[in-house]
Amino acid sequence: MILTDREIQVFLANRQISIKPKPDLVRYSSTSVDLTLAKQFRVWDFNQIEKTKGEIITPGPKFRYPEFRDKYTKSINIPSGKGYVLAPEAFVLAWTHETIDLPNHSRIAARIEGKSSLARLGLAVHVTAPTIHAGFEGSLQLELCNHGPVSIRLTPGMPICQLIFEMTLGTPAKGYSGIFLRQKK
Amino acid sequence: MNRVKARIVRGSIRSERIAYITTAGGGHAEVLLSASQTGSNHVLAVEVARDKNNVLIELPQETSSGDWRVWVNKNQILSE
């Protein structure tokens, strides 16, 4: 079952879930709440990519994502007024400004989804990984890709995605404990 | 369901309308709607909350700037 705006607010008030900072009333729709873009981005280091041209990554047990990330990307902060211009076909990692907490016992999982106003421009906010498991805590990383033909300026603080909360049928035996637990910007 | 005052413009296809709603802050919310969700001078929206002078409405579609809900002055509400 998907939580409506009223249920999301009740769950927040009862501290069964947490979104910090607390979203303003205008950020809700009937069955979702919008999250906003943080100023921290992770962009590709094209000098490094050029140096290692031809290298092939092999996802699997020996693959270490943090090493990959640190080798091929760099962290930058976007100036609030200026924003970040995402060119056509460009792909960057970004964060939601808000951090969320879905305690295991609350029986809540969530999905991060795009917003139609941005989707019409060609902007995708995740690459087939929308699930936020029960037990997750932290900031949400966005996989931003501009599939459109025109550059898009992304400004910190803009509503960037929506969060849809779903109640699980039972209490999971074990909440999320993967490598992205308590991930920080 | 409320009728909220708006400037309505024809869209790119016969069934499409573009509505411009004056927000409480003095700006304009632009939203693409089907003709059935609008009249000649209004859009249909649901009241979500109210304070002394303003009403928070939920629109039938997301605005161009990404909001489903906008604050409007209570004078913008034509009927409930």
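Scroll up a little and you will see the structure.
Residues numbered from 1 in each chain as written. Chains lettered and ligands numbered in written order. Predicted model: local features only at pLDDT ≥ 70, side-chain atom pairs only at ≥ 80, totals over all residues. Heavy atoms only, no water.

Student: Run through the interface of chain B and chain A, naming residues and quoting values.
Tutor: Taken together, the contact pairs 13 residues of chain B with 13 residues of chain A. Buried area between chain B and chain A, both sides added, is near 1,100 Å², and the carbon and sulfur share of it is 42%. Contact with chain A buries area across many residues of chain B, yet Glu62(B), Trp68(B) and Arg69(B) alone supply 48% of it, more than any other trio. In this structure, the salt-bridge partner of Asp5(A) is Arg69(B), at a minimum N-O distance of 2.4 Å. In this structure, the connection of chain B to chain A is made through nine residue pairs in polar contact (both at pLDDT 80 or more). Listed by contribution, the elements that provide at least two residues to the side of chain B that touches chain A are strand E6 (54-58) and strand E7 (69-73) of chain B. Along the lines of polarity and charge, the residues of the side of chain B that touches chain A split into four nonpolar, five polar and four charged. (Contact = heavy atoms within 4.5 Å. Buried area = accessible area lost by both parts, 1.4 Å probe. Salt bridge = Lys/Arg side-chain N within 4 Å of Asp/Glu carboxyl O. Polar contact = N/O pair within 3.5 Å; in protein donor to acceptor, adjacent residues only side chain to side chain. Helix = DSSP H or I, 4+ residues; strand = E, 2+ residues; numbered from the N terminus. Nonpolar A, V, L, I, M, F, W, Y, C, P; charged D, E, K, R; others polar.)

Student: Help me get a handle on the sheet that holds strand E2 (residues 7-10) of chain B, residues and values and all.
Tutor: Residue and element names in this part refer to chain B. Strand order in the open sheet formed by three strands is E2-E3-E4, with antiparallel pairing between adjacent strands. Bordering the open sheet on either side are E2 and strand E4 (28-34), each of which pairs with just one other strand. Taken pair by pair, the neighbouring strands of this sheet meet at an average axis angle of 25 degrees, ignoring direction. (Pairing = 2+ DSSP bridges. Axes fitted to C-alpha atoms, helices over the stretch in contact; angles between N-to-C directions.)

Student: Would you mind going over the layout of surface pockets in detail, with residue names and values included?
Tutor: Residue and element names in this part refer to chain A. For the largest pocket, the calculated volume is near 550 Å³. Around the largest pocket sit 22 residues that line it, and Ala 129, Gln 141, Glu 143, Phe 180 and Gln 183 are the ones nearest its centre. Put simply, the second largest pocket is a space of about 210 Å³. Considering the residues around the second largest pocket, the lining is formed by 13 residues, among which Arg 42, Arg 69, Trp 95, Gln 141 and Lys 184 are closest to the centre. Looking at the lining of the second largest pocket element by element, the count peaks at three residues for helix H3 (residues 65-72). Taken together, the residues that form the lining of the second largest pocket break down as five nonpolar, four polar and four charged. (1 Å grid on protein atoms, 1.4 Å probe; cavity = no way out; pocket = protein on both sides within 12 Å on 5 of 7 lines; lining within 4 Å. Points joined across faces, edges and corners; volume = space filled by probe spheres on them.)

Student: Describe in detail the packing of aromatic side chains, supporting the description with residues and values.
Tutor: How two aromatic rings sit relative to each other is given by the distance of their centres and the angle of their planes. Residues and elements named next belong to chain A. Scanning the entire structure with this criterion turns up six aromatic pairs over all chains. Ring centres 6.2 Å apart and planes at 40 degrees place the aromatic pair Tyr 65 and Phe 68 in the tilted group. Note that Tyr 65 and Phe 68 are positioned in helix H3 at a spacing of three residues, about one turn of the helix. Taking the relative accessible area as the measure of exposure, Phe 68 reaches 16% and is therefore buried. Every member of this aromatic cluster is reached through a ring pair, and the members are Trp 44, Phe 63, Tyr 65, Phe 68, Tyr 72 and Phe 91. (Phe/Tyr/Trp six-rings, centres within 6.5 Å; stacked < 30°, edge-to-face > 60°. Buried < 20%, exposed > 50% of the residue type's maximum accessible area, 1.4 Å probe, protein only.)

Student: Any details on the pairing of strand E7 (residues 108-113) of chain A? Residues and values, ideally.
Tutor: All names here are of chain A. Sheet topology note: the E7/strand E12 (residues 159-167) ladder contains six bridges and is antiparallel. Pairing of Arg 111 across the sheet is with Ile 164, part of E12. Here E7 pairs with strand E9 (residues 131-132) via two bridges, running antiparallel. Within E9, the position partnered with Ala 110 by the bridge is Ile 132.

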